[in-house]
Amino acid sequence: MPLQQRTFESRIDYSLLLPVLLLLSIGVTAIYIAVSHDYPNNALQIVGQQVVWILLGFLISFIVMFFNTKFLWKMTPFLYVLGLGLMVLPLVFYSESLVASTGAKNWVAIHGVTLFQPSEFMKISYILMLSRVVVKFLQQNKNYERTIALDLFLIVKLALYTLPVLFLLALQSDLGTALVFAAIYCGIVLLSGVSWKIILPVFLTVSLLFTVFMLIFISNGGRAFLHGLGMPTYQINRISAWLHPFEYAQTVTYQQAQGQIAIGSGGLLGQGFNVSNLLVPVRESDMIFTVIAEDFGFLGSSLVIVIYLFLIHRMLQITIKSNNQFYTYISTGLIMMLLFHIFENIGAVTGILPLTGIPLPFISQGGSSIVSNLIGIGLLLSVSYQNSLEEEKHAVTPLVRKKVVLRKIK
């Protein structure tokens, strides 16, 4: 007899959903703590909006879970073009007050109402597009030996799909998001098997340029020189805040200084639920980790990091298990995106890295980020779902013993 067909509920990867649900719960709790002190009159409204975004994200994630390789492959170019089109909107429809406070035109706003951030959704389209390009390249050149020339051709081909995104982000003055796309690009290039003879010189060149930049920045007149070359003031202030967070604690580095003091005040166990003795600007969004550290201390903060590690570990397991190249590159891009977000956000609020305005996945307040990240989880659920279908398809049918009737010979 053939093996019994599994229901779709049994194919859902609950071990992937569990850490996501935990992070979302922590996020809603931390947002409530932040806004109940900073915006007490609007606390329930803000938390309610976050819950609505989470429900919408899960709905889309559930639909995406049923996408197969063929459908994703065909839809990817359209999603990429749609993403680029959406990224033009913030250059036309934006809030002047929001641009004045952040220095970036990365949100679509109409009549003062902020709607969404297109670059968050572009990350998913970009991952799909680069994955498609690599897989198509490998299929077309599978009969050829991998040479430096072929590797360079692949790098340039991927760059051609990256440059329009970076160009639009430059017009939006959104350096932080541009770094996320760069991380995704590097992750997919590394997985594609590009020779170390290309990767090593590029790495050394980038390291040298970064060193030269920092030497200029810290030198006398260096910041004025960089500003004269076109570097925005808010970016200069963010790097200055990273290098000297307490030197200008009452002006440009107020947010970073207050955030680090809040983290330190949490101690080992934290000050307790819904306790806030310090004002940290926009802590419900980019600085949400300071709320967790202040209220739940080092142990609470460490627990969040452990949940993230468990999530990444499960994503890696799904990626390794898949025999589908397209899915493998999609998973890799999503892992790089989440890793960079986590590392940059926590690193920035703790003073290890400059503040770039990147949200903490599944925890920070914001609809675009939540929905985009849950769409990414939906893609991973789709990979796991298709893995289950493949297992069922190739499952060995159990041996059935043939009944033999022995008759007495007369």
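Predicted model, so just to flag it, every value in this text is computed and none were measured.

A. Looking closely at the overall build of the protein. Summing up its helical and strand segments, the protein has 15 helices and two strands in all. Once the C-alpha set of the protein is aligned to its principal axes, its extents read approximately 110 × 55 × 45 Å. By sequence separation, contacts in the protein at least 24 residues apart represent 72% of the contacts at least 6 residues apart. Total accessible area computed for the protein in this model is approximately 21,500 Å², and 69% of it derives from carbon and sulfur atoms. When the 24 positive and 17 negative side-chain charges of the protein are each reduced to one mean point, those points stand 24 Å apart.

B. The arrangement of the environment of Ile263 in detail. Tracing the sequence through the fold places Ile263 in helix α12 (residues 254-265). Through-space distance from the C-alpha of Ile263 to that of Phe289 is 8.2 Å; in sequence the pair is 26 residues apart. If we skip the residues at most four places from it in the chain, Ile263 touches Thr290, Ala293, Val349 and Thr350.

C. Spatial organisation of the packing of helix α6 (residues 118-140) against helix α7 (residues 148-172). Taken N-terminus to C-terminus, the directions of α6 and α7 make an angle of 165°; their axes are 11 Å apart at the nearest point. One way to sum up the angle between α6 and α7 is to call them roughly antiparallel. Crossing handedness for the pair α6 and α7: right-handed. Residues Ser119, Met122, Tyr126, Met129, Leu130, Val133, Val134, Phe137 and Gln140 of α6 lie in contact with α7, whose contacting residues are Leu150, Phe153, Leu154, Lys157, Leu158, Tyr161, Thr162, Val165 and Leu169. When its residues are assigned to classes, the contact of α6 with α7 shows 14 nonpolar, three polar and one charged.

D. Examining the side chain of Ser368 more closely. Looking at where Ser368 falls in the secondary structure, it is placed in helix α15 (residues 367-393). On the basis of relative accessible area, Ser368 is assigned to the buried category, the value being 4%. Only 2.8 Å separates the side chain of Ser368 from the backbone nitrogen of Gln117, close enough to count as a polar contact. Ignoring any residue separated from it by four or fewer positions in sequence, one finds Ser368 in contact with Trp107, Phe116, Gln117, Glu120 and Phe121.

E. Seen up close, the pattern of salt bridges. The final tally for this structure, using the stated rule, is four salt bridges. Asp38 serves as the salt-bridge partner of Arg283, at 2.7 Å between the closest nitrogen and oxygen. Remark: Asp38 occurs in helix α2 (residues 14-38) and Arg283 occurs in the loop between α12 and α13 (288-321); sequence separation between them is 245 residues. Under the relative-accessibility criterion, Arg283 is labelled buried at 3%.

F. Structural context of the environment of Arg223. Mapped onto the elements, Arg223 comes out in helix α10 (residues 222-228). Each C-alpha atom, one on Arg223 and one on Gly85, is 35 Å from the other, the two residues being 138 residues apart in sequence.

G. Representation of the nonpolar core in the model. The biggest cluster of nonpolar side chains holds 90 residues, and the ones touching the most others in it are Val165, Leu311, Met315, Ile330, Leu334 and Phe362. With sequence-adjacent residues up to four places away left out, Ile330 is seen in contact with Leu72, Ile127, Leu128, Ser131 and Leu379. Counting five residues, the second-largest nonpolar core is a separate cluster that includes Phe217, Leu226, Met231 and Ile236.

Conventions and cut-offs
- Residues numbered from 1 in each chain as written.
- Predicted model: local features only at pLDDT ≥ 70, side-chain atom pairs only at ≥ 80, totals over all residues.
- Heavy atoms only, no water.
- Helix = DSSP H or I, 4+ residues; strand = E, 2+ residues; numbered from the N terminus.
- Contact = heavy atoms within 4.5 Å.
- Areas by Shrake-Rupley, 256 points an atom, 1.4 Å probe, with all protein chains shown as cover.
- Lys, Arg positive; Asp, Glu negative; His and termini not counted.
- Charge placed at Lys NZ, Arg CZ, Asp CG, Glu CD.
- Axes fitted to C-alpha atoms, helices over the stretch in contact; angles between N-to-C directions.
- Parallel < 35°, antiparallel > 145°, perpendicular 65-115°, else oblique.
- Left-handed = near helix turned anticlockwise from the far one by under 90°.
- Nonpolar A, V, L, I, M, F, W, Y, C, P; charged D, E, K, R; others polar.
- Buried < 20%, exposed > 50% of the residue type's maximum accessible area, 1.4 Å probe, protein only.
- Polar contact = N/O pair within 3.5 Å; in protein donor to acceptor, adjacent residues only side chain to side chain.
- Salt bridge = Lys/Arg side-chain N within 4 Å of Asp/Glu carboxyl O.
- Core = buried A, V, L, I, M, F, W, Y, C linked by side-chain atoms within 4.5 Å.

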